[in-house]
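Structure at a glance
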Amino acid sequence: MKISHNWLKTLIKTDLTPQQISDYLTDSGLEVEGMETFESVKGGLQGIVIGEVIEKEKHPDADKLSITKVNVGGPELLNIVCGAPNVAVGQKVLVAMVGAKLYPTTGEPFDIKKSKIRGAVSEGMICAEDEIGLGTDHNGILILPTDAVVGMPAGEFYKLEKDIIFDIGLTPNRADAASHYGVARDLQAILNTKHNTTEYKAELVGINELPQASNINTMNIAIKNYEACKRYSGLVISGITVKPSPAWLKNYLLAIGLRPINNIVDITNFVLHDLGQPLHAFDMDKITGNKIIVKTGLKNVKFKTLDGMERTLFENDLMICNENEPMCMAGVFGGADSGVSEKTTAIFLEAAYFEPAFVRRTSKQHGLKTDSSFRFERGTDPEMTVTALKRAAALIFELAGGVLSMDTVDLYPVKLEPFKVAFSYTNCQDLIGKEIDRTIIKNIIVSLGITIEQEGNDGLLLSVPQYKTDVTREADVIEEVMRIYGYNNVEESSQIKFTANFTDREKATAAENTTANLLIGFGFNEMMGLSLTKESYYDEATLLVKILNPLSADLNVMRHSMLFGGLESLAYNINRKQADLKLFEFGKAYEKTDADPTATEFKYAETKHVTLFVTGKKYNENPFGKNDKVDFAFIKSCIESVLNKLSIKFKITELNNPQFSYGLSFANKNKHLVNFGLVDKAICKKMDVNAEVFYADFNWDNVLSLVGKTKLEFTEIPKFPSVRRDLALLLDKKITYKELEELAYNTERKLLKAVNLFDIYEGDKLEVGKKSYALSFTLLDEEATLNDKQIDNVMQKLIKTYTEKLGATLR
């Protein structure tokens, strides 16, 4: 948001420098992100002075050039070669001195140098208006009045406007500061606090009582949707002349980046940025039936806006209509056929308070962002409508003529009352961490426009105006006091008081930190994805949580799975030559808990997850020849390490999930812990990932519910060595790992200590309907060293069991 220093000074009297104002505003929460100089004529006509042509003679070597001598107030006359046909002795002219930089109306700037033109020395240039940015005429040099003073700088002669523009990064909650008057109110509070006074006042300028209306015009106004339009005010001015605005108004608008259009439109824009109240002017001749109807419900109606685009209206678009058709998107954009033109002689001037949600919805649905919608979306002051009309009417009478031909109509059926807030000095001190003098606190509160209705021993009952949309609670008032008092004025405490209290939240944080540190040790990097995603990623949309008013079609549902966001990150990095990736993310997934498509109300659930993504090589480029690719065993070992670190026991079960080509699932009794495996190739291709991706998805809520529940048990280190043997089995695809594990333990109860699946193969080299599992078996006798005969007996029993009961064959 741009704020003009000159404009601001018309609303509050202060001799502060722009830099001081910038510092004060930034310290109070209105961050000034930059300052720039505005000049009504670019370059400020620097290096250009008024001169008088003393002599003129024809150039001997050029028919269209003249050699002149010009008095610019210096000790000597300047020799200047001039090509203008209208140059003559005795004229007062504008002379660009050697060294001046000129900014023409069109084209690039250029420097004036001493030169020779066809052999004649030229020590400057006599200027035409387009050569210095004063106009577009290039038929001849610019001739000044005869009383112009020789030697006077051109900028001083033209009384050029020079201004400093503050670029304020306005946060969404500060709707009250979205105008010059709003900033002046904050500056009032800051200065009154700094100087311990109440003398500084932000004053409304040009608010005059309206003259007696002739009432030759009438307008029937009806609000059909009071939820969307809480207040609607308007008046009629007739007999106006639409023409260009005067220089002062143009300069104010140009300074803040607005293009002047005509005096009527410029006045509405000026009042918007002056008071923060958007206005709209309708051509009276375009209002059919002399009716203004504020309503919604024009679904599928075509409406042509000021930019020439035809738009299709939605059911909930709030529209300003005449008797037959819509004329304006309320608070957003005007129509192409009802606005002010050069032929307009009478206008209906509107000021209203529109409910922010309706304006925001229309703005987003049609992709329209305007100065008006910017303010209505955040919340305007409902008490400002009539004041803004008076301000605009006074300017219209001054700059466009006309008379008030219909008095102000003000529909305000239910007055929006100020917020009532109970304020405690004790709570203020506790939150701020410093005891501030109560007189200072009250001065700040009053200077911010908040009324003190009652005062008690420890607090105040406050009435907060509606324009302070974000000040509705005691904590909000304390924040207002704090920002005006100054965060830098609160000293750091010499003590830190804290009570150790290990709650479930701390337990969860500790588990997450432990897990994150472990994964980082494995070479992972943490990523953060959006909770919003694209509906088209999902084949089944029944359980998806859809956004009613999405920012775009790519962000129209809450994520039901964290897989797709992770694959987006992989694709982004792989496309930028980062192919070796290990990523993890803590996040939530969302779903409806009622899949009935006919239901009108749903219950929702959100589940915390931790996901792992690995692709490419295990290790960074190294001199040791370690170029192994990540595989199933790698991600399995990472998952086991996480669960073991958290002391959570688990059982392995088969995974049947369409997101995976193959994989496993870990569970603890009836609690599912994690799914992991190779992501289905079709999904990877859909997400533009042309690489194998191994993915793990922890149900973190279930994991956290088991943290700290396992009793630690210590066992003696075995005195005798264990032995590992491996089997590669060809099996039917329907056989699960769980069956293999249970058969192994039932076959050998004494010596078998562990079974592990370390490889899965399902390729085209196998028979149809078959898969290959590679299993490891750990054997241990706690009383003696195992010999080959014992080991072979156990392995033969296992092979026989798998062959007879599962039809397995050795590979």
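Everything numeric here is computed off the predicted structure, so don't read it as measured data. (Residues numbered from 1 in each chain as written. Predicted model: local features only at pLDDT ≥ 70, side-chain atom pairs only at ≥ 80, totals over all residues. Heavy atoms only, no water.)

1. Details of the overall build of the protein chain
Stated precisely, the cut-off is as follows: Only DSSP runs of H or I with at least four residues qualify as helices, and only runs of E with at least two residues qualify as strands; both kinds are numbered from the N terminus onward. The globule rule is 2.2 Å times the number of residues to the power 0.38, and the radius of gyration it is compared with is taken over C-alpha atoms. Only protein chains enter the accessibility calculation, which uses a 1.4 Å probe; a residue is then buried when its area is under 20% of its type maximum, exposed when over 50%, and partly exposed in between. Contacts are assigned to residue pairs that have any heavy atoms within 4.5 Å of one another. Residue-level accessible areas treat just the shown protein chains as cover; the underlying method is Shrake-Rupley with a 1.4 Å probe.
Within the protein chain one finds 19 helices and 40 strands. For a compact globule of 811 residues, the expected C-alpha radius of gyration is about 28 Å, and the protein chain comes in at 39 Å, more than 25% above that figure. With respect to the three principal axes, the spread of C-alpha positions in the protein chain is 125 × 80 × 65 Å. Within the protein chain, buried positions represent 47% of all 811 residues. By sequence separation, contacts in the protein chain at least 24 residues apart represent 69% of the contacts at least 6 residues apart. Carbon and sulfur atoms provide 48% of the accessible area of the protein chain, an area that totals close to 41500 Å².

2. A closer look at the packing of aromatic side chains
Two aromatic rings, taken as a pair, are described by how far apart their centres are and by the angle between their planes. Let me state the cut-off plainly: Geometry of aromatic contacts follows a simple scheme: Phe, Tyr and Trp rings, the Trp one being its six-membered ring, pair when their centres are within 6.5 Å, and the pair is stacked under 30 degrees between planes, edge-to-face over 60, tilted otherwise. Placement of a positive charge over a ring is assigned whenever Lys NZ or Arg CZ falls within 6 Å of the ring centre and within 35 degrees of the normal to the ring plane.
One pass over the full model with this rule turns up 22 aromatic pairs. Between Trp-7 and Tyr-252 the ring centres are 5.1 Å apart and the planes differ by 40°, which places this aromatic pair in the tilted class. Taken together, the positions of Trp-7 in helix 1 (residues 5-11) and Tyr-252 in helix 5 (residues 247-255) put the pair 245 residues apart, joining distant regions of the chain. Measuring from centroid to centroid gives 6.3 Å for Phe-282 and Phe-348, while their planes differ by 35°, and the two rings are tilted. With Phe-282 in strand 16 (residues 279-283) and Phe-348 in strand 23 (residues 346-354), this residue pair connects regions lying 66 residues apart in the sequence. Of the two residues, Phe-282 and Phe-348, both sit in the buried class. Three or more aromatic residues joined by ring pairs form one cluster here, namely Phe-632, Phe-650, Tyr-662, Phe-666 and Phe-676. The residue whose ring lies beneath Arg-724 is Phe-758, and the NZ or CZ to ring-centre distance is 5.1 Å.

3. Quick notes on the pairing of strand 4 (residues 66-71)
Let me state the cut-off plainly: Whether two strands pair comes down to DSSP finding at least two bridges between them.
Where strand 3 (residues 48-58) and strand 4 come together, six bridges link them in antiparallel fashion. Residue pairing in the sheet places Glu-57 in a bridge with Ile-67 of strand 4. Strand direction decides the pairing type here: strand 4 and strand 5 (residues 78-82), joined by five bridges, are antiparallel. Counterpart to Ile-67 in the pairing with strand 5 is Val-81. Here strand 4 folds back onto strand 5, and the loop between the two strands holds six residues, one of which, Gly-73, carries a positive phi near 90°.

4. Brief notes about the side chain of Asn-6
Examined against the element boundaries, Asn-6 turns out to sit in helix 1. Excluding its chain neighbours within four sequence positions, the residues that come into contact with Asn-6 are Glu-161, Lys-162, Asp-163 and Tyr-252.

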